[in-house]
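Analysis of the macromolecular model
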Amino acid sequence: MTTRSKPISVAVIGAGMAGRSHAAGYRNVNTVFGAGLPPVRLASIADANVELGEDAARRYGYEKALPSWEAVVEDPTINAVSIVVGNALHRPIAEALVAAGKHVLCEKPLAGSLEDARAMAELERTADVVTAVGYTFRRSPGIAGIRDHVLHNELGDLTLFSGRYWCDYATDPNGPLSWRFKGGAGSGALGDVGSHIIDAAEYVAGPIVSVSGAFLSTQIPKRPLPLGAVVGHSGAPVSDEFGEVENEDTASFTARFESGLVGTFSVTRTGFGLPNGLAFDVLGVGGRAAFDQHRPAEYLLDDAQPEARTRGARQIIAGPQLPYFAGGVPMEAPGVGASNADNFTYQARAFLDQVAGVAEPLPACATFADALRTMEIIRAVVDSSRNGGALTPVPPASA
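Below, the structure is looked at part by part. Just so we're clear, the structure is a prediction, and the values are computed from it rather than from any experiment. Numbering of residues begins from 1 in every chain and follows the order in which that chain's sequence is written. Given that the model is predicted, a residue must reach a pLDDT of at least 70 before its local features are reported, and side-chain atom pairs must reach 80 or more before they are shown or counted; all residues, however, enter totals for whole chains, interfaces and linings. Excluding hydrogens and water, the side-chain values take into account all heavy atoms of the structure.

1. What about the sheet that holds strand β11 (residues 250–257)?
- Between any two strands, at least two bridges found by DSSP are needed for them to pair. Each helix is a run of DSSP H or I of at least 4 residues and each strand a run of E of at least 2, with the numbering of both proceeding from the N terminus. Pairing in this open sheet of nine strands is mixed, and the strands run β16-β15-β14-β13-β7-β12-β11-β8-β17 from one edge to the other. Two strands lie at the open edges of the sheet, namely β16 (314–317) and β17 (392–393), each paired on one side alone.
- As paired elements, β11 and strand β12 (residues 262–268) share seven bridges and run antiparallel to each other. For T254, the partnering residue across the bridge sits in β12 and is T264.
- What makes two residues a contact is simply this: any of their non-hydrogen atoms within 4.5 Å. For helices, the axis comes from a line fit to the C-alpha atoms of the stretch in contact; other axes are also lines fit to C-alpha atoms, and the angle between any two N-to-C directions lies between 0 and 180 degrees. Here helix α7 (residues 189–205) sits on the sheet and contacts β7 (158–166), β8 (208–217), β11, β12 and β13 (277–284); the angle it forms with β12, its principal contact strand, is near 155 degrees.

Structure below.
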C-alpha cells in the first residue's frame, strides 16, 4: 500500500501498440476523476526490442527503457507493472512479479494455455498484491451505460444477446507469421478478440453456462516468415519461406446464459474493411440496445415509448450522464467523443485506485479468476467445435 506522499512507481513490459496504450494510460491517471491517488512515477518500459522500448519511453515520458522483463522484476523501486507481451509469457512474468511483491495488470487473454491460466488464478488466491486483467471495453461509457439499463431492468427480461468482434488485421495473406498465429485452436481470433466480446457479454448480461454449435475455420493457412521483429498488427519484411498458421481466423458459436438468455457470437480477424469491429445487440421484451466500437461515442436505445408512433431506436450521445464520462474527459459535454485511449486511462486509474486503496475508487478491474473464466468458455467453444457443435457446459465460476 502506498501513501499520498509516496509516489506509485509504474512500469510497462512490452512496447507494442497495446503496451504504448498502457504507458499512455498511466501518464494520464491523475488528470481524470477525483483526488486521492498518489503521484505516479513513470519508471520504465521494458522490451527486448531496445529501440522500440526507447521510443515508447521517450514518447510517454518514462525515465528509461529496459532490455528485459527480468530487469523490471529486479528493480526494487517499481510498485506496479503492466504485462503486455505474447500470451505464453504472461505466467512466468506474473509469477516473478508477484514473488517480488509487485502489483500486476496483465493483458488479455490471461495466458497462452488453460493450464497456465489456472496456475495464475491460483497464484492470485494467495498473492498479497493486486492482480488484474485488462478488459478495457468494460470502461467504455456506452457499454457501461447499456449495462446500467440491463441492471435496472429497463429492457425487460432479456431474450437475445448477439455479439461479434470482426477485425481485418489478418486479411493480407502476405502478412508475417507472428506469434498471434501460433498456438492451438482457440488461441487465434477467439483468444485475441473473442475474449473481449465474451467478457463484454457476461459484463452486460451475466454468466454463460454452456455453448453449442461452435465452428472454427482458418482462411489463410500459411503465412510468410518474418525477417525481423513484428510489432502489433503491422506488416514487416518477410522471407520466401512460409509457415503453418496454427489457430483459427474465424469462429462462431451460440451460448446459453444463466438467466436462460440465448446468445450468438462470431469473431474474425479476416473481416475486410473492419479495423476494430466489436459490436453487440441486446434485446429484451421491453427494449433493446446496440453498441458498435466503430462509433464509440454513442449507442442505440429503443424502449416502450408512451405512443407506438414515436417508437424506434434513438441515438444516445455519450455525455456526463454515462459512466466514466463525467470527470473522465477535459471537456465534459455531450458530443465531444470517446476513444479507446480513454478506456486505457480509466483502466489504469482503476488499477492504481486498487493499489493505493483510495477512498472512492473506480469499479475494480477484472481479476485473474475472471479472465480464467473467459478462457474456460473459449475451451468449451473449442471442445464443441471438435465434437460437431455439441452442447458443452462451462465450469461454474467457483470451480
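On we go from here.
2. As for the pairing of β7
- Pairing of β7 with β13 involves eight bridges; the strand directions are antiparallel. If you follow F161 over to β13, its bridge partner there is V282.
- As paired elements, β7 and β12 share seven bridges and run parallel to each other. From the neighbouring strand, W166 faces β12, where its bridge partner is T268.

3. Some remarks on the nonpolar core
- Think of a nonpolar core as a cluster: buried Ala, Val, Leu, Ile, Met, Phe, Trp, Tyr and Cys residues, connected wherever their side-chain atoms sit within 4.5 Å. Only protein chains enter the accessibility calculation, which uses a 1.4 Å probe; a residue whose area is less than 20% of its type maximum is buried, one above 50% is exposed, and one in between is partly exposed. Counting 86 residues, the largest nonpolar core has Y26, Y62, F351 and L352 as the members making the most contacts within it.
- Per element, the largest residue contribution to this core is 10 residues, and it comes from α7.
- With residues near it in sequence (within four places) discarded, L352 still touches I8, V10, Y26, V29, L37, V40 and A80.

4. Topic: the environment of T218
- Counting through the fold element by element, T218 comes out in the loop between β8 and β9 (222–226).
- T218 gets classed as partly exposed once you look at its relative accessible area, which sits at 35%.
- Sequence spacing of T218 and N247 is 29 residues, and the spatial spacing of their C-alpha atoms is 7.1 Å.
- In this structure T218 touches V245, N247, E248 and D249, once residues within four positions along its chain are discounted.
- Polar contacts, as counted here, are pairs of nitrogen or oxygen atoms within 3.5 Å of one another; within protein the pair requires one atom able to donate a hydrogen and one able to accept it, and residues that are adjacent in sequence qualify only if both atoms are side-chain atoms. Looking at T218, its side chain comes within polar contact range of the main-chain oxygen of N247, at 3.0 Å.

5. Some remarks on helix α8 (residues 340–356)
- To estimate how far a helix should reach, multiply one less than its number of residues by 1.5 Å. Between its first and last C-alpha atoms α8 spans 24 Å; for 17 residues at 1.5 Å apiece the expected length is 24 Å, and the two agree.
- Among the 17 residues in α8, 13 count as buried, and that is most of the element.
- Two or three places before A341, at the opening of α8, S339 has a side-chain oxygen 3.3 Å from that residue's backbone nitrogen.

6. Topic: the packing of aromatic side chains
- Two aromatic rings from Phe, Tyr or Trp, using only the six-membered ring of Trp, form a pair when their centres are within 6.5 Å; if the ring planes differ by under 30 degrees the pair is stacked, by over 60 it is edge-to-face, and anything between is tilted. Applying the stated criterion to the full structure yields nine aromatic pairs.
- Seen from their ring centres, F161 and F280 are 5.3 Å apart, and the 20 degrees between their planes marks the pair as stacked. Of this pair, F161 sits in strand β7 while F280 sits in strand β13, placing them 119 residues apart in sequence. Comparing F161 with F280 shows no difference in burial state: the two are buried.

7. Concerning the packing of helix α4 (residues 90–99) against helix α5 (residues 114–126)
- The geometry of α4 relative to α5 is characterised by a closest axis approach of 10 Å and an angle of 15 degrees between their N-to-C directions. Judged by the angle between their axes, α4 and α5 are roughly parallel. Relative to α5, α4 is oriented so that their crossing is left-handed. Together, H90, R91, A94, E95 and V98 of α4 and E115, D116, A119, M120 and L123 of α5 make up the contact between the two elements.
- In this count, Pro and Cys sit with the nonpolar residues alongside Ala, Val, Leu, Ile, Met, Phe, Trp and Tyr, while Asp, Glu, Lys and Arg are called charged and the others, Gly among them, polar. Of the residues in the contact of α4 with α5, the class split is five nonpolar, one polar and four charged. For this classification, under 35 degrees means roughly parallel, over 145 means roughly antiparallel, 65 to 115 means roughly perpendicular, and everything else is oblique. Crossings are classed by handedness, with left-handed meaning an anticlockwise turn of the near helix from the far one by less than a right angle and right-handed meaning a clockwise turn.

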